[in-house]
Amino acid sequence: MGNTKNQEVVAAETNTGLSTNVSGIEIDVDDIEIPRINVCQKMSQSDAPVGSILYDKTYEIAPPDTPVKTITVAAQKGWRENIPFDEEDIPRIAWSKADSEAIAAESEWGMTEFAEITLLMRQPEGSENSDAFQLPIGDHNYALGKINVGKNAYRSTYKRLATFAALQSGVPIHSKVWNFVSEELSKGKYTWFNPSLTVTKEEADADVTAFVKNFLGE
């Protein structure tokens, strides 16, 4: 899921999202704290089962190989230095191709693609973990979270979103329900769990679509 062991240095960043005035409170996108979504690995500092989808470092959303109905709210592509985990250097980040090339020209590590993806995860039927799903929208409760994906996770999430957007021109990615799942992958002697997004035929509820449009400021 990319190198997240250190706080990352941002070379350039563009912010998109909610910016409005609610109940007299001036809200800017930078004031909104969206919890993190993680897939627990063997080395994760968590008591959650390996391979489970973890929300806000606290709530186990689903075990491995168990799809969670999800709406993709937003996805932003970036580039970061491909620094190995055993190095202490902090990777620099770019949010544009031009800035990525500028960093790559002076970096000994080169750059690798990653993405920040904001998701609305629907509370699964029978789930009693109501504390995680605190957004009632329409007929369901949701958890709003953000996941950072790189390498294999980038290909099985962001690239699938991009492919859908390219082939389904004019159809917003948030208009469809996606299956978000943690899957086991192996390469040589290494085994890990990888997040994956797969589009379904289910249309997002009108209330969910309205929520997303408001969140994005459309």
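Being a predicted model, the structure only gives us computed values, none of them experimental.

### Notes on unusual backbone geometry
Positive phi is not limited to glycine here, since aspartate 56 has a value of about 55°. In this structure, aspartate 56 sits in the loop between strand 5 (53-55) and strand 6 (59-62). The partly exposed category is assigned to aspartate 56, whose relative accessible area is 37%. Positioned with a positive phi, lysine 57 is a non-glycine residue whose angle comes to about 60°. Here lysine 57 is to be found in the loop between strand 5 and strand 6.

### Some points on a negative patch on the surface
A cluster of acidic residues, Asp86, Glu88, Asp89 and Glu108, forms a negative patch at the surface. Mapped onto the fold, glutamate 88 is located in the loop between strand 7 (68-81) and strand 8 (92-94).

### Digging into the side chain of asparagine 194
With respect to the secondary-structure elements, asparagine 194 resides in strand 13 (residues 190-203). Take asparagine 194: its relative accessible area is 4%, and that puts it in the buried class. In contact with asparagine 194, not counting residues within four places along its chain, are Asn152, Ala153, Ser156, Val181, Ser182, Glu183 and Leu185.

What counts as what
Residues numbered from 1 in each chain as written. Predicted model: local features only at pLDDT ≥ 70, side-chain atom pairs only at ≥ 80, totals over all residues. Heavy atoms only, no water. Helix = DSSP H or I, 4+ residues; strand = E, 2+ residues; numbered from the N terminus. Buried < 20%, exposed > 50% of the residue type's maximum accessible area, 1.4 Å probe, protein only. Patch = residues over 30% accessible without salt bridge, like charges linked within 9 Å, V, L, I, M, F, W, Y side chains within 5 Å. Areas by Shrake-Rupley, 256 points an atom, 1.4 Å probe, with all protein chains shown as cover. Salt bridge = Lys/Arg side-chain N within 4 Å of Asp/Glu carboxyl O. Lys, Arg positive; Asp, Glu negative; His and termini not counted. Charge placed at Lys NZ, Arg CZ, Asp CG, Glu CD. Contact = heavy atoms within 4.5 Å.

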